[in-house]
Each structure stands twice: as C-alpha cells, then as structure tokens.
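Summary of structural features
One-letter residues, chain by chain:
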Amino acid sequence: MNAKRWMLALWLLVPVPVIAFHFGPGRKWAARENAHALARQAAAAEDADPARAAALYRQAAAGLGAADGDARARLELRACAAQARDGDAAGAIQSLDRMIAAPAFADLPADTRAEARALTARTHYYSAWVMRLEGAPRDEW
C-alpha cells in the first residue's frame, strides 16, 4: 500500500516540471521562435515589399525580451535598412539616430554598434545624394 501511494504521488508530480518549463524558459523560447519566423517572412518580403518587411522586422523585435538586446538591435537595423530601401530615408535616419543615442547602445557588441553606425552613414549619404540630384540647395544636403 505504501508503494502505491509513492507511485501515485510521483505520477501527480509529473506535470510540475512541465508547467515550470512552460512558464519559465519556455516563454522565452517561444518568443524567440516567433521572432525567427517573422524575420524569415520579412527576409522573403524584402525585395518585393520593403515596407512590409520593415513592419515584420519591427514586430519580431518587439516580441523579444529585454535580455535579447543584440537580436532586437539587429532586427531593428534590418527594419531601418528596409525602410530606407522603401524610400523613407528620413524615417530610417530618425530611427537609427534614436537607436544610437539610446543608453543601451553602449551595451551592444562592437560589431552591432559598427553596423548601426555604418548603416546610418550610408543612409545619410544616399539621402544627401538624392537631395542633390533633385536640385536641393547645397546647404540642405
């Protein structure tokens, strides 16, 4: 009889680790998996519809937690690149400037910071180049 009670107690405790995983690391894994799926959709849509790709990248970045700072920053960089490709260079520049000015920017890995600065410089350059081609006064570009 004692063995039956132990077996019953063990059987009733089986769901405890599953529930603990579900509400603990499982949530983080699910968020990362969802962000990865959205990023794949965005990458597929980049050439055909850059505006949709930028929105999907931003949605993927929003789904990640604060602990995934580098992944969030990389998704935001891809969103800004798609936004600039769509023709909204001014909006992309504003987003990039906000990212670089944020206090959390210093905590990002060096290659991510370099990529953000390079994308910002490239976007500024092409924006000025387009303004020059359109005949804007020299002091504006």
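Note that the coordinates shown come from a computational prediction; the quantities given were computed from them, not determined experimentally.

Calculation criteria
- Residues numbered from 1 in each chain as written.
- Predicted model: local features only at pLDDT ≥ 70, side-chain atom pairs only at ≥ 80, totals over all residues.
- Heavy atoms only, no water.
- Helix = DSSP H or I, 4+ residues; strand = E, 2+ residues; numbered from the N terminus.
- Rg over C-alpha atoms; globule rule 2.2 N^0.38 Å.
- Buried < 20%, exposed > 50% of the residue type's maximum accessible area, 1.4 Å probe, protein only.
- Contact = heavy atoms within 4.5 Å.
- Areas by Shrake-Rupley, 256 points an atom, 1.4 Å probe, with all protein chains shown as cover.
- Phe/Tyr/Trp six-rings, centres within 6.5 Å; stacked < 30°, edge-to-face > 60°.
- Axes fitted to C-alpha atoms, helices over the stretch in contact; angles between N-to-C directions.
- Parallel < 35°, antiparallel > 145°, perpendicular 65-115°, else oblique.
- Left-handed = near helix turned anticlockwise from the far one by under 90°.
- Nonpolar A, V, L, I, M, F, W, Y, C, P; charged D, E, K, R; others polar.

**Some thoughts on the overall build of the protein chain**
Each helix and strand in the protein chain was counted, giving 7 helices and 0 strands. Along the protein chain, helices (α) and strands (β) appear in the sequence α-α-α-α-α-α-α when read from the amino end. Taking 141 residues into account, the globule formula puts the C-alpha radius of gyration at 14 Å, and the protein chain, at 23 Å, lies well above it. In terms of overall dimensions, the protein chain has C-alpha extents of about 90 × 35 × 20 Å along its principal axes. When burial is assessed residue by residue, the protein chain has 28% of its 141 residues classed as buried. If you take every contact in the protein chain between residues at least 6 apart in sequence, the share linking residues at least 24 apart comes to 44%. Summed over its atoms, the accessible surface of the protein chain is roughly 9600 Å², and 61% of this surface lies on carbon and sulfur atoms.

**Brief notes about the packing of aromatic side chains**
The final tally for this structure, using the stated rule, is 2 aromatic pairs. With 5.3 Å between their ring centres and 75 degrees between their planes, Y125 and Y126 make a pair best called edge-to-face. On the numbers, 6.4 Å between centres and 85 degrees between planes, the contact of Y126 with W129 is edge-to-face. Of this pair, Y126 and W129 both sit in helix 7 (residues 110–133), separated by 3 residues, roughly a single helical turn.

**Re the packing of helix 5 (residues 69–85) against helix 7**
Their axes nearest at 10 Å, the elements helix 5 and helix 7 cross at an angle of 15 degrees. In terms of axis orientation, helix 5 runs roughly parallel to helix 7. Of the two possible hands of crossing, helix 5 and helix 7 adopt the one that is left-handed. Together, D70, A73, R74, L77, C80, A81 and A84 of helix 5 and D111, T112, E115, A116, L119 and T123 of helix 7 make up the contact between the two elements. Considering only residue class, the contact of helix 5 with helix 7 consists of 7 nonpolar, 2 polar and 4 charged.

These figures capture arrangement, not role.
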